[in-house]
Amino acid sequence: MNASPLSPAQPQAPAQQAAAAQGATLYGGVTNRRVTVRDLAAAKQRGERWSMLTAYDALTAGVFDEAGIPVLLVGDSAGNCHLGYETTVPVTMDQMVMLSAAVVRGTKRAMVVGDMPFGSYQESPAQAMHNAARLMKEAGVGAVKLEGGERSARSIELLVEAGIPVMAHIGLTPQSVHALGGYPVQGRGDEAAHQLLRDAKAVQQAGAFSVVLEAVPAELAAQVTEQLSVPTVGIGAGAGTDAQVLVWTDMAGMTAGRVPKFVKQYADLRSVLGGAARAFAADVADGSFPAAEHSFS
Ligand code: KIV
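This one's a predicted model, so the numbers in the text were calculated from it and none came from an experiment. (Residues numbered from 1 in each chain as written. Predicted model: local features only at pLDDT ≥ 70, side-chain atom pairs only at ≥ 80, totals over all residues. Heavy atoms only, no water.)

Brief notes about the sheet that holds strand β6 (residues 210-214)
Within a sheet, each strand pairs with its neighbour through backbone hydrogen bonds, oriented either parallel or antiparallel.
Phase 1: Taking strand neighbours around the barrel as the criterion, the eight strands line up as β1-β2-β3-β4-β5-β6-β7-β8 in a closed arrangement whose pairing is parallel. Geometrically, the sheet is characterised by an average inter-axis angle of 25 degrees between neighbouring strands, direction not taken into account.
Phase 2: Taken together, the two bridges between strand β7 (residues 232-235) and strand β8 (residues 243-246) define a ladder with parallel strand orientation. Bridge assignment links V233 to a residue of β8, and that residue is A243. (Pairing = 2+ DSSP bridges. Helix = DSSP H or I, 4+ residues; strand = E, 2+ residues; numbered from the N terminus. Axes fitted to C-alpha atoms, helices over the stretch in contact; angles between N-to-C directions.)

Thoughts on the packing of aromatic side chains
Phase 1: Counted by the stated rule, this structure contains two aromatic pairs.
Phase 2: Seen from their ring centres, F64 and W248 are 5.8 Å apart, and the 65 degrees between their planes marks the pair as edge-to-face. Highlighted residues: F64 in helix α3 (residues 58-66) and W248 in helix α11 (residues 248-251), separated in sequence by 184 residues.
Phase 3: On the basis of relative accessibility, which here comes to 9%, the residue F64 falls in the buried class.
Phase 4: Judged by its relative accessible area of 11%, W248 is buried. (Phe/Tyr/Trp six-rings, centres within 6.5 Å; stacked < 30°, edge-to-face > 60°. Buried < 20%, exposed > 50% of the residue type's maximum accessible area, 1.4 Å probe, protein only.)

Some words on the layout of surface pockets
Phase 1: Approximately 1100 Å³ is the volume attributed to the largest pocket.
Phase 2: As for the largest pocket, its lining consists of 44 residues, of which E214, I235, D250, P260 and F262 are closest to the centre.
Phase 3: If you list the elements that add at least two residues to the lining of the largest pocket, you get β1 (50-54), α4 (78-81), β4 (143-147), β6 and α11.
Phase 4: Per-element tally for the lining of the largest pocket: the top contributor is α11, with three residues.
Phase 5: Residues belonging to the lining of the largest pocket are distributed by class as follows: 22 nonpolar, eleven polar and eleven charged. (1 Å grid on protein atoms, 1.4 Å probe; cavity = no way out; pocket = protein on both sides within 12 Å on 5 of 7 lines; lining within 4 Å. Points joined across faces, edges and corners; volume = space filled by probe spheres on them. Nonpolar A, V, L, I, M, F, W, Y, C, P; charged D, E, K, R; others polar.)

Comments concerning a nonpolar patch on the surface
Phase 1: Residues F280, V284 and F289 make up a contiguous nonpolar surface patch of roughly 270 Å² in combined accessible area.
Phase 2: Within the element layout of this structure, F280 appears in helix α12 (residues 269-286). (Patch = residues over 30% accessible without salt bridge, like charges linked within 9 Å, V, L, I, M, F, W, Y side chains within 5 Å. Areas by Shrake-Rupley, 256 points an atom, 1.4 Å probe, with all protein chains shown as cover. Salt bridge = Lys/Arg side-chain N within 4 Å of Asp/Glu carboxyl O.)

Concerning the site of the ligand
Phase 1: Taken together, T54, L73, G75, D76, S77, D115, K145, H169, V212 and I235 form the complete shell of residues around the ligand.
Phase 2: Between D76 and the ligand, the recorded distance is 3.0 Å, taken from a side-chain N or O atom to an oxygen atom.
Phase 3: Within the side chain of K145, a nitrogen or oxygen atom sits 2.9 Å from an oxygen atom of the ligand.
Phase 4: When the ligand is considered free in solution it has 260 Å² of accessible area, and contact with the protein chains removes 95% of it.
Phase 5: More than half of the atoms of the ligand fall within 2 Å of the grid points belonging to the largest pocket.
Phase 6: Here the shell around the ligand is composed, by residue class, of three nonpolar, four polar and three charged. (Near = heavy atom within 4 Å. Polar contact = N/O pair within 3.5 Å; in protein donor to acceptor, adjacent residues only side chain to side chain. Sits in = over half its atoms within 2 Å of the grid points.)

Here's the deal with the side chain of Q175
Phase 1: With respect to the helices and strands, the residue Q175 is situated in the loop between β5 (166-171) and α8 (177-180).
Phase 2: At a separation of 3.3 Å, a polar atom in the side chain of Q175 contacts the side chain of Q122.
Phase 3: Discounting chain neighbours no more than four positions away, the residues touching Q175 are D76, T88, V89, M116, P117, F118, Y121, Q122 and E147. (Contact = heavy atoms within 4.5 Å.)

A few points about the side chain of E48
Phase 1: You can see E48 is positioned in the loop between α2 (37-46) and β1.
Phase 2: Look at E48 and you get buried, because its relative accessible area is 6%.
Phase 3: Among the polar contacts listed, one links the side chain of E48 to the side chain of Q16, at a separation of 3.5 Å.
Phase 4: Within the local environment of E48, its side chain forms a polar contact with the backbone nitrogen of Y27, the two atoms lying 3.0 Å apart.
Phase 5: Ignoring sequence-local partners within four residues, the contact set of E48 consists of Q16, T25, L26, Y27, A43 and D242.

Digging into the pairing of strand β3 (residues 111-115)
Phase 1: Most of β3 is tucked away: five of the five residues are buried.
Phase 2: Inspection of the sheet shows strand β2 (residues 71-74) paired to β3 by four bridges, in the parallel sense. Looking at the pairing, V74 lines up with G114 of β3.
Phase 3: Across three bridges, β3 lies against β4 in parallel orientation. Note on β4: the bridge partner recorded for D115 is K145.
Phase 4: Regarding topology, helix α6 (residues 125-139) serves as the crossover connection from β3 to the parallel β4, and that connection is right-handed. (Right-handed = clockwise from strand over helix to strand, strands pointing away.)

Concerning α3
Phase 1: Taken as a whole, α3 has its buried residues at T60, A61, G62, F64 and D65.
Phase 2: Check the buried side of α3 and you find it contacts β1, β2, α5 (93-105) and α11.
Phase 3: Capping the start of α3 is the job of one residue whose side-chain oxygen sits 3.0 Å from the backbone nitrogen of L59: D57.
Phase 4: Just downstream of α3 lies G68, where phi reads positive at about 90 degrees.

As structure tokens, this is what we get:
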């Protein structure tokens, strides 16, 4: 009997065990080249679950690359997590090119996916092509991501025909925050669930190599995952997707205030960094820094 896609910690399939023995897994593998779309397709075939984190600078990206994270997303979440905006809407192409280039420079193995910001692809497939080419040529990313299901299929098709790997993003699409009136869970109710399935199939049909499912009920995300041949990447979509993505500042405890319910915080970097800054300032104030060992004679 097949294990439910929602059951935790499943035993490894033989194909996954063989990949592990050859050092060919996405996580823990030892290849000295970048992860490619073929590696992600092979991982889906053998049932390997993989992780993706966002990154917005070379230093942090280098840490995640050394940790073996196979895919790094230069998300337009940079808007609210890195650049101080309230939403992703104000983020520009120039900013995404600059941040993506830094992440590419800071990494050796991870596939770097550059996000297409609001207004950079919705106008026409030709506009999408122009701006995706900028991310490939100027930043050196290995793939691009854009939001939308059926509505973005024509653009995805054109990019894929031109040789640009595309990660699609459906469910909650944060660039539509003003139209959605916030960040509500998507796909609830029969009609919305059917639309999500149609969106998933449309982007796969258009050639997307993977699909982000954001803020959708776990059962529905598992159903979409079973029906697609390309990997799904969940965020707030339960345990039944092929991969999981988190925004790094949420995952590492850098975000101020509340984080969404779907976030698991693996560290408390905000208090670690704040503590270091306070200790430095106190040492300067009481004259204990710099000490002799920090000074030249
Ligand atoms: O911009 C981003 O970080 C994203 C992820 C949340 C998937 O789109």
